[in-house]
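Each chain is listed here by its residues.
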Amino acid sequence: MNTEVFAARHIGITERDLPHMLETIGVESVEQLIYETIPDDIKLKKPLDLPQGISEHEFLNHLHALAKKNKVFKSYIGLGYHESLTPSVIKRNILENPGWYTAYTPYQAEIAQGRLEALLNFQTMVADLTGMEIANASLLDESTAAAEAMSMLFELRSRQQKKDGAVKFFVSEEILPQTLSLLETRAIPLGIELVIGDHEAFDFSSDFYAALLQYPGKHGQVNDYASFVEKAKAKDIKVAVAADILSLVMLTPPGEWGVDAVVGTTQRFGIPLGYGGPHAAFFATKEAYKRNIPGRIIGITKDTDGNPALRMALQTREQHIKRDKATSNICTAQVLLAVMAGMYAVYHGPDGLKYIASKVHRQACNIATAVEKLGLKQLNTSFFDTLKIEVGDASKIKEMAESSGINFNYVDDKTISISLNEATSAEDVIKLIKLFAQFTGNKEDFFVEKNSEVKIPSTLQRQAPFMQHEVFNSYHSETELMRYIKKLERKDLALNHSMISLGSCTMKLNAASEMLPLSWPEWGNIHPFAPIDQAQGYQEVLKSLEEQLNVITGFAATSLQPNSGAQGEYAGLMVIRAYHESRGEGHRNICLIPSSAHGTNPASAVMAGMQVVVTKTDEKGNIDMADLEEKANKYADNLAALMVTYPSTHGVFESSIRQITKLIHDNGGQVYMDGANMNAQVGLTNPATIGADVCHLNLHKTFAIPHGGGGPGVGPICVAEQLKPFLPTNPVIKTGGEKAITAISAAPWGSSLVCLISYGYIKMLGSEGLTKATEAAILNANYIKDRLKGKFDVLYTGERGRAAHEMIIDCRPFKANGIEVTDIAKRLIDYGFHAPTVSFPVAGTMMIEPTESESLAELDRFCDALLSIRAEIDEVSANETDNVLKNAPHTLAMLTSDSWSHPYSRKKAAFPLPYVAENKFWPSIRRTDEAFGDRNLMCTCAPIEDYVEA
């Protein structure tokens, strides 16, 4: 074995496994299997034009060399991003721990109680600090959270406002520039009219349905918005506030003014800058709006035994239920980052946060006093951490600052702003003051004057207590927090325990060598708005990753800005929209979407201002060509796009795909390909070859970024030549094409830090390894399919009976025995496995995707578990509800109880197969009561006995 070949470490199948697997499938070679799986007319004729892979050791050396090209300045730029200090106990035990970063979204609550509790902590922290009644479990970034608030409040307009056509949304000129750009992107397709201005001059006209304020303002001014909110409420104008989370430790929370939503980012709660992300945004609102909140909410309920339990509440997979009627297309949170931010609050507690906030504020006060003594004018009358200073010649101080390794924000030719942060030391303050002394020509030694005066008016100083709950006042030593984190981790099943065979979600190996650089300060401490010449290492990685993805997709250009798959969908459609408008065909607004498509597809299309027309699928799960042709011809004059997933959502390579894409082009439309199933394409075919014009890629699926328990995600778009000019830009650092659309996400290159992972994945696998990985994914799926043959029916296969990289097994026949697909999902927990994707895209089914990373032994364990469960199904009848499937999962408490009245043994319940005893996973709760939780929605850490019935 060549120990330097990364593919041998990433791909779980070995050469000695192949004969048995090929015999089981009924083919003589992998080449034959691929021939029978992928239509010949779309196969690539030559290998990927990428270098051969490098070893893990070579990759880490390579990335160390690139890291040295980044210049880690002390950045006081602010604008929503601040250097923070990640406590080592959190870095080591969460960020660097596969028990946390490899877990899946907590749809299966019984094996996710740890993450759910950590997210409940996050929600409680946010609700307390903002003064709001309810908060969600995080969003993508502050700017997208603000855009979601704009959309939510638009949806919440009164009947009279809708009748009167109230479509104006006031945005304070104090708003962050990236937020304004993103609001512009989102507003136009929805018919919202943005009005930007001075909040003090706002006329509260009935044309407005809502307003957005920044607190503190983009350059640091802290305004008292109480009067503004009062006047707005009198006119039925709803108000959202974008707030700095650390400032809320000292400032009056917006909830006390009666605002309708508070949004922001928790990046400065221990999350690295990472050149823009990933970071966990927050979204807090009134309980009255609980069914309108975008994203996920963690709520408290009870399990089968009446014990307290947590689960995702209300909006779970809203897009998949409401589709084009959904209020948002967001299906990704930033769970890993939200967990870290929540743990930061747990570790420091309210007193620790007060210390940090006070230290930052007093340092800002000291510098303000010093610069004024030096003859400069500090313009903010009230501030928390940011000073706005009139310097006369900004270019001169910029040159001096950068020569000292310091970044300021340059407001204009005469004015700068400086944002202090948790990482600012007393030595840093002295260095800053000496810099200003040098700038003003002061020759004397200048000593820092400790300033006890608070530069926040008493009316804006926080009085309300926060984070009084036990969890925030118990774990302040490293020993205690380490144990608390471990206690939660033990409640969760992640990839470090067993295979997670989720169809469409591609839960593959997240290699340690890909993950290690995320902890390196040369990558973590770069501000997204730092000058480009300070981020040459990042620029080389990002440019190379774009080129790699261009080769893999066959397209001309890539934008890495979208920071989730849903953002990628939206970005792709907005680029198509801009393309049509550039040709004088802005009237094209019909988007054809197959009925089998991901629910985010129709939601994204509506957000992009398109009208969704659903097309049928045939009995084999393929697009119904006759129906598609009829609708493409019918809407030819207004056809904007077709959204297609390939291989299909049913796990099949449709042979008519080129005929489909030609039909759309012949009728004036563009083809958007959803890249969720790209793991079956890389190196074998590509979106350009099938005739698509744009695709998004889930870097958190195919390209090895971990799911992090439900985020981060990255969803870049790759486009054909004609769409290249429209790729999105950023208002601070220019990106994108010559005719770029406005921002899709807050940071110029989205979640840059985790792009290192995908760059490493491609770099180490190389051309040959990438192709082998795809072949192994297809091999593994077909092996499972044929091992289950005769016991589970596979719903859809290709024309030669093959699956792609995933398959759907039909569990509906088991209803005759009284068994539902959910019973099988919960029973798999007893066997130590996370369930495959349940009831999507077809109710009553399971979609299985093994990925290329799993070994033959693990595939066999999984198949053995399903076959054993199949035998258990045969043992029960619809009349027998007290059975091993209906009672699953079985907890340790249940198994060790003094009484046992069930008709099956404890051994069968807990250790149904011999391998289970060697590596038993114990769920911490039994099945959750979803209905109870939704009827009694509670989303904060108040005493649990208040919510659970005896």
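The paragraphs below set out a description of the structure included in this document. (Residues numbered from 1 in each chain as written. Predicted model: local features only at pLDDT ≥ 70, side-chain atom pairs only at ≥ 80, totals over all residues. Heavy atoms only, no water.)

On a plain count of helices and strands, the protein chain comes out with 31 helices and 26 strands. In terms of overall dimensions, the protein chain is globule-like: its C-alpha atoms have a radius of gyration of 28 Å, near the 30 Å expected for 950 residues. With respect to the principal axes defined by its C-alpha atoms, the protein chain has extents near 85 × 70 × 65 Å. In the protein chain, buried positions account for 66% of the 950 residues. Here the contacts in the protein chain between residues at least 6 apart in sequence split such that 77% fall between residues at least 24 apart. On the protein chain, roughly 32,700 Å² of surface is accessible, and the fraction owed to carbon and sulfur atoms is 47%. Placing the 91 positive and 114 negative side-chain charges of the protein chain at their respective mean positions leaves the two points 1 Å apart. (Helix = DSSP H or I, 4+ residues; strand = E, 2+ residues; numbered from the N terminus. Rg over C-alpha atoms; globule rule 2.2 N^0.38 Å. Buried < 20%, exposed > 50% of the residue type's maximum accessible area, 1.4 Å probe, protein only. Contact = heavy atoms within 4.5 Å. Areas by Shrake-Rupley, 256 points an atom, 1.4 Å probe, with all protein chains shown as cover. Lys, Arg positive; Asp, Glu negative; His and termini not counted. Charge placed at Lys NZ, Arg CZ, Asp CG, Glu CD.)

Turning next to helix α19 (residues 536-553). Across its 18 residues, α19 extends 26 Å between first and last C-alpha, which sits within 8% of the 26 Å expected from 1.5 Å per residue. For α19, the full list of buried residues reads Gly-537, Tyr-538, Gln-539, Val-541, Leu-542, Leu-545, Glu-546, Gln-548, Leu-549, Asn-550, Ile-552 and Thr-553. Immediately beyond the C-terminal end of α19, within one or two residues, lies Gly-554, with a positive phi of roughly 80 degrees. (Expected span 1.5 Å × (residues − 1).)

The next thing to look at is the side chain of Thr-553. For Thr-553, the position within the fold is in helix α19. Judged by its relative accessible area of 0%, Thr-553 falls in the buried class. Setting aside its immediate chain neighbours within four residues, Thr-553 contacts Met-678, Asn-686, Pro-687, Ala-688, Cys-695, Leu-697 and Cys-718.

Once that is clear, we can look at the sheet that holds strand β17 (residues 590-594). Read across the sheet, seven strands follow the order β16-β22-β21-β20-β19-β17-β18 without closing on themselves; strand pairing throughout is mixed. Both outer strands of the open sheet, β16 (557-559) and β18 (611-615), are each paired with one neighbouring strand and no more. Averaged over all pairs of adjacent strands, the angle between their axes in this sheet comes to 25 degrees, without regard to strand direction. Sheet topology note: the strand β19 (residues 639-645)/strand β20 (residues 670-675) ladder contains five bridges and is parallel. Its bridge partner lying in β20, Thr-645 is registered against Asp-674. Here helix α23 (residues 657-666) sits on the sheet in contact with β17, β19 and β20, set at roughly 140 degrees to β20. (Pairing = 2+ DSSP bridges. Axes fitted to C-alpha atoms, helices over the stretch in contact; angles between N-to-C directions.)

On to the pairing of strand β5 (residues 208-215), then. When you tally the buried positions in β5, you get eight out of eight residues, the bulk of the element. Strand direction decides the pairing type here: strand β3 (residues 168-172) and β5, joined by four bridges, are parallel. By the bridge assignment, Lys-168 is partnered in β5 with Phe-208. Taken together, the six bridges between β5 and strand β6 (residues 238-243) define a ladder with parallel strand orientation. Each residue of the ladder has a partner; that of Tyr-215, found in β6, is Ala-243.

In terms of nonpolar packing, the biggest core is built from 250 residues, with Tyr-215, Met-343, Phe-408, Phe-436, Leu-481, Trp-523 and Ile-824 touching the most fellow members. For Trp-523, the residues in contact, after removing those within four places along its chain, are Leu-63, Leu-66, Ala-67, Asn-70, Gly-274, Tyr-275, Pro-517, Gly-537, Tyr-538, Val-541, Leu-753 and Leu-756. With 36 residues, the next largest nonpolar core counts Ala-210, Ala-240, Ala-242 and Tyr-289 among its residues. (Core = buried A, V, L, I, M, F, W, Y, C linked by side-chain atoms within 4.5 Å.)

A word on a negative patch on the surface. A contiguous patch of negative charge, built from Glu-390, Asp-393, Asp-412 and Asp-413, is present on the exposed surface. Within the secondary structure, Glu-390 sits in strand β12 (residues 386-390). (Patch = residues over 30% accessible without salt bridge, like charges linked within 9 Å, V, L, I, M, F, W, Y side chains within 5 Å. Salt bridge = Lys/Arg side-chain N within 4 Å of Asp/Glu carboxyl O.)

Take the sheet that holds strand β26 (residues 845-848) next. Strand pairs in the sheet, formed through backbone hydrogen bonds, run parallel or antiparallel to each other. Taken in spatial order, the four strands make up an open sheet running β23-β24-β26-β25, and their pairing is antiparallel. The open sheet has two edge strands with one neighbour each: β23 (793-794) and β25 (837-838). Against the sheet, helix α26 (residues 821-830) touches β25 and β26, its axis set at about 45 degrees to β26.

In this structure, the second largest pocket encloses a volume near 610 Å³. Those elements that place two or more of their residues in the lining of the second largest pocket are α1 (6-10) and α25 (752-787). Looking at the lining of the second largest pocket element by element, the count peaks at eight residues for α25. Taken together, the residues of the lining of the second largest pocket break down into 14 nonpolar, four polar and five charged. (1 Å grid on protein atoms, 1.4 Å probe; cavity = no way out; pocket = protein on both sides within 12 Å on 5 of 7 lines; lining within 4 Å. Points joined across faces, edges and corners; volume = space filled by probe spheres on them. Nonpolar A, V, L, I, M, F, W, Y, C, P; charged D, E, K, R; others polar.)

Here we take up the pattern of salt bridges. Tallied over the full model, the rule gives 37 salt bridges. A salt bridge links Lys-69 to Glu-540, with the nearest nitrogen and oxygen atoms 2.9 Å apart. With Lys-69 in the loop between α4 (56-67) and β1 (74-75) and Glu-540 in helix α19, this residue pair connects regions lying 471 residues apart in the sequence. On the basis of relative accessibility, which here comes to 40%, the residue Lys-69 falls in the partly exposed class. Taking the shortest distance from any N to any O, the salt bridge between Glu-872 and Arg-827 comes out at 2.8 Å. Of this pair, Glu-872 sits in helix α27 (residues 856-874) while Arg-827 sits in helix α26; the two residues are 45 residues apart in sequence, bridging distant segments of the chain. Just as Glu-872 is buried, Arg-827 falls in that class too. Several salt bridges converge on common partners, so that one network encompasses Lys-74, Glu-83 and Asp-428.

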